[in-house]
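Chain by chain, the residues run as shown.
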Amino acid sequence: MSRPVEIVLVYQSLLGIYGDRGNAMVLLKRLEWRGIDATLTIVEPGEPLPATGSVYLLGGGEDAAQISAVRELKADGNLFRGLENGAALFAVCAGYQICGQTFTVGERDEVIEGLGLLDVTTRRGTERAVGEILTRWQRPDGSETLITGFENHGGFTYLGQGATPLAQVELGIGNADDGTEGAVQGRVIGTYPHGPVLARNAALADHVLEVALERTLEPLPRPEVDELHRQRVAFVRRQGLRA
Ligand code: GLN
C-alpha cells in the first residue's frame, strides 16, 4: 500500500500571520474528497522537519520572522532533503521571498541571503502592494485560469534566468512592476496572494498536488468551490474598475 500524502505546515509561529495555514486544510480536504490518504505534520522552529513530506507549505509573515525562518530551515536541512526526495514546495509571500537568493528587510534594507530554491531576488518596492489581485495562470495543459487573492507586501520580487513567472497580472501588483506574479522552478512554487489562495483557487490547489504526486488527478467538481471562485473574480474586477 502506498504511503499517505504528507502535508507539512512549516513554522506557523513565524510564517502564520496571514491565515495561509488554510492552504494545508484545502490540500487535505481535496485529497480526502478523492479518497487519497493524507496526513498533516505541523512543525515549529526548533523541531525537525520531516524529510518525507510530499508538500511543504510556507506562509506570510513579518520581516524579522523571515530572518528566523531562513536560519532555522538552513540549520534543519530537511526541507532541502524533502525536495531532493521529490516533494513540492508551495510558498506564499514572506515564504516566497525567503525561497529566493536574497531579500531585504527593514528601513535600512538589510540584505538577507535566502534559501536559494528560487532564482529570484526581493527588495523594497516603490510602494506597498496592498489589495485584491487578479492574475492569469496558464495551466500545464495550456488552458488559462484566473487566480484571485489578497496581496500585502513591501518587497518587490525580480526573477532571474532560472525561474519562470507563475502568472500574469490583470489587476494588482504581483512581483513588481513587470506584470508578472510568482515564480516556479522545478517543484517549487512561490506566489504573493493570501486568501488562503488555495481556498480561493481550487485549480491551483490541485496543481500543487499534481506536482507532488507526479500524476494527473481526476477533476473534482464542487459547485460551492466554483461559486466562490466566480464571486471573488467578479469582486476584484468590480474593485479594479473603481480604482
Ligand atoms: N515582510 C514581507 C513584505 O512586506 C512579506 C509580507 C507578507 O508575508 N505578507 O514584503
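For the structure, see preceding data.
Residues numbered from 1 in each chain as written. Predicted model: local features only at pLDDT ≥ 70, side-chain atom pairs only at ≥ 80, totals over all residues. Heavy atoms only, no water.

Student: Explain the pattern of salt bridges to me, using residue names and the numbers behind them.
Tutor: Enumeration over the complete set of coordinates arrives at 13 salt bridges. K74 is the salt-bridge partner of E113, the closest N and O atoms lying 4.0 Å from each other. Taken together, the positions of E113 in strand β6 (residues 110–113) and K74 in helix α3 (residues 63–76) put the pair 39 residues apart, joining distant regions of the chain. Its relative accessible area of 38% is what places K74 among the partly exposed residues. The residue R136 makes a salt bridge to E144 at a minimum N-O spacing of 2.8 Å. Within this structure, R136, E144, E170 and R237 form a network of salt bridges that share partners. (Salt bridge = Lys/Arg side-chain N within 4 Å of Asp/Glu carboxyl O. Helix = DSSP H or I, 4+ residues; strand = E, 2+ residues; numbered from the N terminus. Buried < 20%, exposed > 50% of the residue type's maximum accessible area, 1.4 Å probe, protein only.)

Student: Go over empty space enclosed by the protein, please, and point to the residues and values.
Tutor: Applying the stated criterion across every chain yields a total of 1 cavity of 30 Å³ or more. Taken as a whole, the largest cavity spans an internal volume of roughly 30 Å³. Breaking the lining of the largest cavity down by element, the ones donating at least two residues are α1 (12–15) and β3 (55–58). (1 Å grid on protein atoms, 1.4 Å probe; cavity = no way out; pocket = protein on both sides within 12 Å on 5 of 7 lines; lining within 4 Å. Points joined across faces, edges and corners; volume = space filled by probe spheres on them.)

Student: Explain the packing of aromatic side chains residue by residue, including any values.
Tutor: A full pass over the atoms with the stated rule returns 1 aromatic pair. With a centroid separation of 5.1 Å and 70° between ring planes, the pair formed by Y96 and Y192 is classed as edge-to-face. In this pair, Y96 is assigned in helix α5 (residues 94–99) and Y192 in the loop between β12 (188–191) and α6 (197–200), connecting sequence segments 96 residues apart. Take Y192: its relative accessible area is 0%, and that puts it in the buried class. In this structure, R123 is placed above the aromatic ring of Y158, and the distance from its NZ or CZ to the ring centre is 4.2 Å. In this structure, R222 packs its charged tip against the face of W33, placed 3.8 Å from the ring centre. (Phe/Tyr/Trp six-rings, centres within 6.5 Å; stacked < 30°, edge-to-face > 60°. Lys NZ or Arg CZ within 6 Å of the ring centre and 35° of its normal.)

Student: Which residues make up the packing of helix α2 (residues 22–33) against helix α7 (residues 202–213), and what are the values?
Tutor: With their axes 10 Å apart at the nearest point, α2 and α7 run at an angle of 75° to one another. In terms of orientation, α2 lies roughly perpendicular with respect to α7. In this structure, α2 uses V26, L27, R30 and L31 to contact α7, whose residues at the interface are A202, A205, D206, V208, L209 and L213. Its residues assigned to classes, the contact of α2 with α7 comprises 8 nonpolar, no polar and 2 charged. (Axes fitted to C-alpha atoms, helices over the stretch in contact; angles between N-to-C directions. Parallel < 35°, antiparallel > 145°, perpendicular 65-115°, else oblique. Contact = heavy atoms within 4.5 Å. Nonpolar A, V, L, I, M, F, W, Y, C, P; charged D, E, K, R; others polar.)

Student: Could you give an account of the sheet that holds β3, with specific residues and numbers?
Tutor: In space, the 6 strands of this open sheet follow the order β2-β1-β3-β4-β12-β11, with mixed pairing throughout. Lying at the two open borders of the sheet, with one neighbouring strand each, are β2 (38–43) and β11 (183–185). Strand-to-strand twist in this sheet, taken as the mean axis angle between neighbours without regard to direction, amounts to 15°. As defined by bridge partners, β3 adjoins strand β4 (residues 88–92) across 4 bridges and the pair is classed as parallel. When the bridges of β4 are listed, L57 appears paired with F90. Together, β1 (5–10), β3, β4 and β12 form the strand contacts of α7, whose direction differs from that of β4 by roughly 150°. (Pairing = 2+ DSSP bridges.)

Student: Run through the environment of N85, naming residues and quoting values.
Tutor: Assignment of secondary structure puts N85 in the loop between α4 (78–84) and β4. Relative accessible area serves as the criterion here: at 59%, N85 is assigned to the exposed category. Residues N85 and T52, 33 residues apart in the sequence, show an inter-C-alpha distance of 7.5 Å. Within the structure, N85 has its side chain in polar contact with the backbone oxygen of A51 (distance 3.0 Å). (Polar contact = N/O pair within 3.5 Å; in protein donor to acceptor, adjacent residues only side chain to side chain.)

Student: Could you give an account of α2, naming the residues involved and the relevant values?
Tutor: The end-to-end C-alpha separation of α2 is 16 Å, in line with the 16 Å expected for 12 residues at 1.5 Å each. Along α2, the residues that are buried comprise G22, N23, A24, V26, L27, L28, R30 and L31. Positive backbone phi, approximately 75°, marks G35, located one or two places after α2. (Expected span 1.5 Å × (residues − 1).)

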